[in-house]
Amino acid sequence: MTSKQRAYLKGLANNLNPIFQVGKNSLTPELTESVNEAFNKNELIKIAVLKNCLDDPAEIAEMIAGRTHSQVVQVIGKKFVLYKPYKEKPRIVLPM
């Protein structure tokens, strides 16, 4: 992903609300499965890490991205954004 594409996705993610929260149990198989299912409806997902989670949000983002075959767009504080395009017909058209 180029820096131009990443900047475009960051702009789109600016208006998103987090649809998942990572709590004190950190990364569970159920959370990973739920995020993977959410990629069936959304190409861009924002996730929040709660204060009671002791793990680093950047590490959690990388682990979820690896398990769901998505890409980390950005990590800001306790929130991060993941991107996974649809296989057949992506809705988000990235700039070249």
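Up top you'll find the structure we're talking about.
## Considering the nonpolar core
Then, in step 1: Among the nonpolar cores identified, the biggest contains 18 residues, and Val 35, Ile 47, Ile 64, Phe 80 and Leu 82 are the most heavily contacted of them.
Then, in step 2: At the level of elements, strand S1 (20–22), helix H2 (29–38), strand S2 (44–49), helix H3 (57–68) and strand S4 (79–83) are the ones that each hand at least two residues to this core.
Then, in step 3: Apart from residues no more than four positions distant in its own chain, Ile 47 is found in contact with Pro 18, Phe 20, Val 22, Val 35, Ile 64, Lys 78, Lys 79, Phe 80 and Leu 82.
Then, in step 4: In terms of nonpolar packing, the next biggest core, distinct from the first, is built from seven residues, Leu 44, Val 73, Val 81 and Tyr 83 among them.

## Topic: the sheet that holds S4
Then, in step 1: The four strands lie next to each other as S1-S2-S4-S3, forming an open sheet whose pairing is mixed. Either end of the sheet is taken by a strand with one partner, and the two such strands are S1 and strand S3 (71–76). Mean inter-strand twist for the sheet, computed between neighbouring axes without regard to direction, equals 25 degrees.
Then, in step 2: In the sheet, S2 pairs with S4 via five bridges, with the strands oriented antiparallel. Within S4, the position partnered with Lys 46 by the bridge is Val 81.
Then, in step 3: Along the sheet face, helix H1 (residues 3–13) touches S2, S3 and S4 and points at about 60 degrees away from the line of S3.
Then, in step 4: Of the strands in this sheet, S1, S2, S3 and S4 are in contact with H3, which crosses S4 at around 20 degrees.

## Things to note about the pairing of S4
Then, in step 1: Counting buried positions along S4 yields four of five residues, so the element is predominantly enclosed.
Then, in step 2: As paired elements, S3 and S4 share five bridges and run antiparallel to each other. Its bridge partner being in S4, Val 75 is matched across the sheet by Phe 80.
Then, in step 3: Adjacent in sequence and paired antiparallel, S3 and S4 are bridged by two residues, among which Gly 77 carries a positive phi angle near 60 degrees.

Here is what the cut-offs are and how they apply
- Residues numbered from 1 in each chain as written.
- Predicted model: local features only at pLDDT ≥ 70, side-chain atom pairs only at ≥ 80, totals over all residues.
- Heavy atoms only, no water.
- Core = buried A, V, L, I, M, F, W, Y, C linked by side-chain atoms within 4.5 Å.
- Buried < 20%, exposed > 50% of the residue type's maximum accessible area, 1.4 Å probe, protein only.
- Helix = DSSP H or I, 4+ residues; strand = E, 2+ residues; numbered from the N terminus.
- Contact = heavy atoms within 4.5 Å.
- Pairing = 2+ DSSP bridges.
- Axes fitted to C-alpha atoms, helices over the stretch in contact; angles between N-to-C directions.

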